[in-house]
Amino acid sequence: MPLKINEKYKSDENYISQIINSFQTSGELFGNGDRNKIKLFDLNGKAINIKSFKIPNIINKIAYKYFRKSKARRSFEYATLLLEKGIGTPEPIAFLENFNFIGLKDSYYASEHLVTELTYRELVEIPNYPDHDNILRQFTKFSFDLHEKGVEFLDHSPGNTLIKKVSENQYAFFLVDLNRMNFHDAMSFEQRMDNFRRLTPKKEMIAVMSNEYAKYYNGKTEAEIFEKMWQATTHFQEEFAKKKRLKKKLKFWKS
């Protein structure tokens, strides 16, 4: 499949194709590359990043060729849709899928590289982070706006929202790792609250987010919002802990 490119970058198509095809031997590694590998490249003096998605297993190779869109394609299309909805995300540049006779061989997604001060993770790990309460409240309003626009970000987790300070008291938020999303005409109360489940295990942060969300959401009290948000969070934490224990047991048995 040929390179699919944002029309804004059409004049750079050959160069973008070249750096994607030389991904393994060029570029600057960004992050640890445990699952998906990200590298930084220069495009006319602008930093861009290219994500090489993990090689899919045989079942997914076939699925991504015949039944489902690849992660690279979804990332590009979802980023385009988010920007159309006025939701912050790094600008999509291009995606490339390589297929063989079995199915999807490998895939790449190129986007603008944003340098920001923090992610949501710092709010969890550093309770005394400067302007913590204000940032958390603005993040909650950002999440409310997502829900109002029908965007269910399934990977709404600590590392997937970049936060940039734009003025003394104002922050901008940008979603990354976009390949798992649902889009709705309207989101139910349960869907909205469940969307907070991965963010933090800290009850005091849930209390702040519940308080802020209640300012904008009609039909539920702050207490009801807190109860549902905390219930979703604790259920997720319990399931996460069970999976970790199971993985430890399997590792022990294998050894």
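Here, the structure is the one placed above.
The structure reproduced in this document is the subject of the present report. Remember, it's a predicted structure, so these values are computed and weren't measured experimentally.

Attention shifts here to the overall build of the chain. Scanning the chain from N- to C-terminus turns up 8 helices and 11 strands. Expected size for 255 residues packed as a compact globule is a radius of gyration near 18 Å; at 20 Å, the chain falls within 12% of this value. Here the chain holds 255 residues, and the buried ones make up 45% of them. Nonlocal contacts in the chain, meaning residues at least 24 apart in sequence, comprise 62% of its contacts between residues at least 6 apart. Put simply, the chain shows about 14,000 Å² of open surface, and 52% of that area lies on carbon and sulfur atoms. Mean positive and mean negative side-chain charge positions of the chain (42 and 33 charges, respectively) differ by 8 Å.

What follows is about the pattern of salt bridges. Pairing between side chains of opposite charge can happen when the charged atoms of each approach one another. The final tally for this structure, using the stated rule, is 15 salt bridges. As a salt-bridge pair, Lys8 and Glu91 come within 3.2 Å of each other at their nearest N and O atoms. A residue pair is termed long-range when its members are at least 10 positions apart, and Lys8 in the loop between β1 (4–5) and α1 (13–21) and Glu91 in the loop between α3 (71–84) and β5 (92–99) qualify at 83 residues. With a relative accessible area of 57%, Lys8 lands in the exposed category. If you follow the salt bridges from partner to partner, you end up with Asp133, Arg137, Glu212 and Lys215 in one network.

Here we take up the sheet that holds strand β10 (residues 171–175). Ordered in space as β7-β9-β10, the 3 strands form an open sheet in which the pairing is antiparallel. The strands lining the two open edges of the sheet, one partner per strand, are β7 (118–119) and β10. Strands β9 (161–165) and β10 of the sheet are contacted by helix α5 (residues 132–148), whose axis makes an angle of about 50 degrees with β10.

Since the α-helix packs 3.6 residues into each turn, any two residues three or four apart lie on the same face. Here α3 contains 14 residues, and its C-alpha end-to-end distance of 20 Å stays within 8% of the 20 Å for a straight helix at 1.5 Å per residue. Looking at α3, one finds that the buried residues are Ala72, Arg74, Ser75, Phe76, Tyr78, Ala79 and Leu82. Directly beyond the C-terminal end of α3, a positive phi value near 80 degrees is found at Gly86.

The next subject is the environment of Glu224. By the element assignment, Glu224 lies in helix α8 (residues 222–254). Along the primary structure Glu224 and Ala214 are separated by 10 residues, whereas in three dimensions their C-alpha atoms are 9.1 Å apart.

Below, the discussion takes up helix α2 (residues 58–66). When we look at burial in α2, the residues that qualify are Lys61, Ala63 and Tyr64. Put simply, Asn57 is the residue that caps the front of α2, since its side-chain oxygen is 3.2 Å from the backbone nitrogen of Ile59.

Right, let's talk about the packing of α5 against helix α7 (residues 203–214) for a bit. With their axes 9 Å apart at the nearest point, α5 and α7 run at an angle of 55 degrees to one another. When the axes of α5 and α7 are compared, the pair comes out oblique. Handedness of the crossing formed by α5 with α7: right-handed. In this structure, α5 contributes His132, Asp133, Leu136, Arg137, Phe139, Thr140, Phe144 and His147 to the contact, and α7 contributes Met205, Val208, Met209, Asn211, Glu212 and Tyr213. Within the contact of α5 with α7, the residues separate by chemical class into 7 nonpolar, 4 polar and 3 charged.

The next thing to look at is unusual backbone geometry. If you check the backbone angles, Asp131 has positive phi at about 65 degrees while not being a glycine. Residue position: Asp131 is located in the loop between α4 (120–125) and α5. For Asp131, a relative accessible area of 32% puts it in the partly exposed group. With a phi close to 60 degrees, Asp177 is a non-glycine residue in the positive phi region. Positionally, Asp177 belongs in the loop between β10 and β11 (181–183).

Cut-offs applied
Residues numbered from 1 in each chain as written. Predicted model: local features only at pLDDT ≥ 70, side-chain atom pairs only at ≥ 80, totals over all residues. Heavy atoms only, no water. Helix = DSSP H or I, 4+ residues; strand = E, 2+ residues; numbered from the N terminus. Rg over C-alpha atoms; globule rule 2.2 N^0.38 Å. Buried < 20%, exposed > 50% of the residue type's maximum accessible area, 1.4 Å probe, protein only. Contact = heavy atoms within 4.5 Å. Areas by Shrake-Rupley, 256 points an atom, 1.4 Å probe, with all protein chains shown as cover. Lys, Arg positive; Asp, Glu negative; His and termini not counted. Charge placed at Lys NZ, Arg CZ, Asp CG, Glu CD. Salt bridge = Lys/Arg side-chain N within 4 Å of Asp/Glu carboxyl O. Pairing = 2+ DSSP bridges. Axes fitted to C-alpha atoms, helices over the stretch in contact; angles between N-to-C directions. Expected span 1.5 Å × (residues − 1). Polar contact = N/O pair within 3.5 Å; in protein donor to acceptor, adjacent residues only side chain to side chain. Parallel < 35°, antiparallel > 145°, perpendicular 65-115°, else oblique. Left-handed = near helix turned anticlockwise from the far one by under 90°. Nonpolar A, V, L, I, M, F, W, Y, C, P; charged D, E, K, R; others polar.

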